[in-house]
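Architecture and fold: a report
In case you want the letters, here they are:
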Amino acid sequence: MTAAADVRDDSGMHVPHWPAPFASRPVDATVTVPGSKSLTNRYLVLAALADGPSRLRAPLHSRDSALMIEALRQLGATITEVPGDGAFGPDLEVVPLDPDAASSLTRIDCGLAGTVMRFVPPLAALRNGESVFDGDPHARKRPMGTIIEALSALGVAVSAEEGGTPSSLPFVVEGTGEVRGGHLVIDASASSQFVSALLLVGARFTEGLHLEHVGKPVPSLDHINMTVAVLRGAGVAVDDSVPNHWVVSPGPIRAFDQRIEQDLSNAGPFLAAALASRGTVRIPGWPDETQQVGDLWRSILAAMGAEVTLHGGVLTVTGGPHIKGGEFADTSELAPTVAALCALATGPSRLTGIAHLRGHETDRLAALVTEINRLGGDAEETSDGLVIRPAKLHAGVVHSYADHRMATAGAILGLAVEGVQVEDIGTTAKTMPDFPRLWTGMLAQNGPAETASEGSSGGAEH
Ligand SMILES: O=C(O)C1=C[C@@H](OP(=O)(O)O)[C@@H](O)[C@H](O)C1
Ligand SMILES: C=C(OP(=O)(O)O)C(=O)O
């Protein structure tokens, strides 16, 4: 596959590759990461639909949350930054959408954010007027057909700007201010976000929503459970007792004052640093109970040979003498981090249940195979995942494909392999603009970070 190796900034200047710090000794650090993308963008949507003003405490501030905020403003919500106690930026106050406040023709930039391109079109159906949705070049390749067909089945017209029926971005949603709802059958096998998107607005449909999935299994079920939990917290009745059916009763969405948990998926690369360097990483503020898929780190990293404890809200991970390979099923958005660790493991690994990663920020299965093998690794695609066998890795450039999790996977590899450089580390801004600072800060806690430019860079591309 082709990699976008030439990154330029806004003024057209070439951006050099990021020399990934090499851990010449075990990491010993305590790290806190910014708020969860998935929770922030769900609460923003619910706040925009709620029955009064809401507050998000310690939310994520990143490209994906900024795109969501701007999209909701376009649709008539008022979102204001207010001082809070979060370490990564202000709180957010949200006054729900006033459909009359939005202009009759609205343009929504989805960037590369799955949560924006899937969650916002159903909201646009609830106002009077046309909303044009588009995004980054790769966003036009991400699966969108299910949402477009779902809206059409609900009686909402969705068209291509130049006419005809679209199956992907860009498209126009012609909102009429009201959606009847009722029983709706979809195929959500390409993304759980199709289910979440419809559930989030379902209570605002006149008859509520009975959503039924048919087809291959829905991936990333944890994210759907998160949606259901967030809805219930806002007073919405959701019945998910029958597999592949979700029934959302019509009614108000209660305004809320909600603290956002830190992003446990984004905690992954930092925890992985403990394994990659045979060191220790502590994350305070780990929730006792959570719907975040990132809570799986506790079992995944233990299976890879790390010692994992959760005491007093502090998750502590200490790497073993080597990283064990293994079988890892349904790792969803954790997969790129898992794959990076598997590439450093002493035994073979198999990742399954992640065929749909081909429709993520990039085709992640192809990207992971290309980039691991570029460094001398031995990775192979299967129909629904990856096989990664032990191999000695060498220096080189890891390409990011505008994918934040490919960039952080490169950083993990660079901890264990001298001379790794990451192309477009800035792409981590999708969910963690502070990543380079937090990463070097983690390494600085037991001494100054060393970089590839200081160490050997034999074999690296330029
Ligand atoms: O709803 C969400 O917040 C998400 C759902 C998942 O999408 P898929 O079901 O497409 O994997 C996940 O991978 C994505 O990062 C975030
Ligand atoms: C798949 C991801 O993002 P998105 O919300 O854009 O789908 C991800 O963050 O790993």
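All residue numbers refer to positions counted from 1 along the written sequence of the respective chain. Think of it this way: whatever chain is written first is A, whatever ligand is written first is 1, and the rest follow in order. Per-residue local features are limited, in this predicted model, to residues with pLDDT of at least 70; the limit for side-chain atom pairs, both in listing and counting, is 80 or more; totals at the level of whole chains, interfaces and linings are taken over all residues.

**Quick notes on the overall build of the protein chain**
Runs of E in the DSSP output that reach at least two residues are strands. Runs of H or I that reach at least four are helices, and both are numbered from the N terminus. For the protein chain, the count of helices and strands is twelve helices and 23 strands. Throughout, the radius of gyration refers to the C-alpha atoms, and the reference size of a globule is 2.2 Å times the residue count to the power 0.38. For the protein chain, whose C-alpha radius of gyration is 22 Å, the value lies close to the compact-globule estimate of 23 Å for 462 residues. The principal-axis extents of the C-alpha atoms in the protein chain amount to approximately 60 × 50 × 45 Å. Two residues form a contact once the distance between their C-beta atoms, set from the backbone, is within 7 Å. Taking the intrachain contacts of the protein chain between residues at least 6 apart in sequence as the baseline, contacts between residues at least 24 apart amount to 73%.

**Section: the packing of helix α1 (residues 37–49) against helix α3 (residues 114–124)**
Two packed helices can be described by the angle between their axes and the distance between those axes. Helix axes are fitted only over the stretch in contact, all axes being lines through C-alpha atoms; the angle between N-to-C directions runs from 0 to 180 degrees. It is the contact of α1 with α3, at a shortest axis distance of 11 Å, that shows an interaxial angle of 10°. Our classification of the angle between α1 and α3 gives roughly parallel. Between α1 and α3 lies a crossing whose hand is right-handed. Residue-level inspection shows Asn 41, Val 45 and Ala 48 of α1 in contact with α3, the latter providing Thr 115, Phe 119 and Leu 123. Each residue is assigned to one class: nonpolar for Ala, Val, Leu, Ile, Met, Phe, Trp, Tyr, Cys and Pro, charged for Asp, Glu, Lys and Arg, and polar for all the others, Gly among them. Each residue belonging to the contact of α1 with α3 can be placed in one class, and the counts come to four nonpolar, two polar and no charged. By the definition adopted for this analysis, an angle is roughly parallel if under 35 degrees, roughly antiparallel if over 145, roughly perpendicular if from 65 to 115, and oblique otherwise. Helix crossings are classified by the rotation of the near helix relative to the far one: an anticlockwise turn of less than a right angle makes the crossing left-handed, while a clockwise turn makes it right-handed.

**A look at the site of ligand 1**
For each residue, a C-beta atom is positioned from the backbone; the residue is called near a molecule or strand if that atom sits within 6 Å of it. Near ligand 1, the surroundings consist of 13 residues, among which Ser 38, Ser 191, Ser 192, Ser 220 and His 223 are the closest. Start and end points for every domain follow an automatic or database-based domain assignment. Taken together, domain 1 (18–33 + 262–444) and domain 2 (37–259) each give at least three residues to the shell around ligand 1, which thus spans both.

**Here's the deal with the confidence of the model for the protein chain**
Do not read the fine detail of predicted coordinates wherever pLDDT is low. Per-residue pLDDT for the protein chain averages 94, and the proportion of residues at 70 or more is 95%. The quantity known as pLDDT measures the predictor's confidence residue by residue, on a range of 0 to 100. Every residue in residues 452–462 is under pLDDT 50, and counting partners more than four places away or in other chains gives 32 contacts. Across the predicted assembly, pTM comes out at 0.95 and ipTM at 0.99.

**Here's the deal with the site of ligand 2**
In the vicinity of ligand 2, the contacting residues are Ala 113, Gly 114, Thr 115, Glu 333, His 360, Glu 361, Arg 405 and Thr 431. Counted by class, the shell around ligand 2 contains one nonpolar, four polar and three charged residues. When residues of the shell around ligand 2 are assigned to domains, at least three fall in each of domain 1 (18–33 + 262–444) and domain 2 (37–259).

**Topic: the UniProt feature "active site" (unreviewed entry) in the protein chain**
Feature annotation in UniProt places "active site" (unreviewed entry) on Glu 333, given in this structure's numbering. Here Glu 333 shows up in the loop between β18 (327–329) and α9 (335–343). Partly exposed residues are those falling between the two cut-offs: more than 12 but fewer than 20 other C-beta atoms within 10 Å of their own, whereas 20 or more means buried and 12 or fewer means exposed, with C-beta atoms placed from the backbone. A tally of 25 C-beta atoms within 10 Å means that Glu 333 is categorised as buried. With residues up to four places along the chain from it excluded, the contact list for Glu 333 reads Ser 265, Val 293 and Arg 405. UniProt positions are given in the numbering used here, feature names are shortened, and annotations may be inferred rather than shown by experiment.

**Notes on the domain arrangement of the protein chain**
Each assigned domain of the protein chain is listed here: domain 1 (18–33 + 262–444) and domain 2 (37–259). For domain 1 versus domain 2, the distance between C-alpha centres works out to 29 Å. Its residues assigned to classes, the side of domain 1 that touches domain 2 comprises five nonpolar, eight polar and four charged.

**With respect to the sheet that holds strand β22 (residues 396–398)**
Should DSSP find at least two bridges between two strands, the strands are regarded as paired. Spatial ordering of the open sheet is given by β1-β23-β22, a layout of three strands whose pairing is mixed. Looking at strand neighbours, the two that pair on one side only are β1 (18–19) and β22, the edges of this open sheet. Where β22 meets strand β23 (residues 420–422), three bridges bridge the pair, whose relative direction is parallel. Bridged to Gly 396 within β23 is Val 420. Packing of helix α11 (residues 404–416) onto the sheet brings it into contact with β22 and β23, and relative to β23 it is tilted by some 165°.

**Regarding unusual backbone geometry**
With an omega of -5°, the peptide bond running from Leu 169 to Pro 170 counts as cis. Secondary-structure assignment places Pro 170 in the loop between β8 (157–159) and β9 (171–176). Notably, Ala 58 is not glycine yet its phi reads approximately 50°, a positive angle. By secondary structure assignment, the location of Ala 58 is in the loop between β3 (54–57) and α2 (63–74). With 24 C-beta atoms counted inside 10 Å, the residue Ala 58 sits in the buried group. With phi around 60°, Asp 424 is a residue other than glycine that occupies positive phi space. Using a count of 24 C-beta atoms within 10 Å as the deciding quantity, one classes Asp 424 as buried.

**A look at the sheet that holds strand β17 (residues 314–318)**
The four strands lie next to each other as β2-β15-β17-β16, forming an open sheet whose pairing is mixed. The open sheet terminates on both sides in strands that have one partner only, identified here as β2 (28–30) and β16 (307–311). Taken pair by pair, the neighbouring strands of this sheet meet at an average axis angle of 10°, ignoring direction. Direction of pairing for β16 relative to β17: antiparallel, over a ladder of five bridges. Residue Leu 310 lies in a different strand from β17, and its bridge partner there is Leu 315.

**Focus on α2**
Since the α-helix advances by 3.6 residues per turn, residues separated by three or four positions end up pointing in the same direction. Multiplying 1.5 Å by the residue count of a helix minus one yields the expected span of that helix. The end-to-end C-alpha separation of α2 is 16 Å, in line with the 16 Å expected for twelve residues at 1.5 Å each. Looking at the buried residues of α2, the elements they touch are α1, β4 (78–82), β6 (105–109) and α3. Positive phi shows up at Gly 76, right after α2, with a value of about 110°.

**Comments concerning the environment of Pro 252**
Within the fold, Pro 252 resides in the loop between β13 (245–248) and β14 (257–259). Given 14 C-beta atoms within a 10 Å radius, Pro 252 is considered partly exposed. Remark: the alpha-carbon pair of Pro 252 and Ala 340, spanning 88 residues in sequence, is separated by 44 Å. For Pro 252, the contacting residues outside a window of four places in its chain are Asp 51 and Gly 235.

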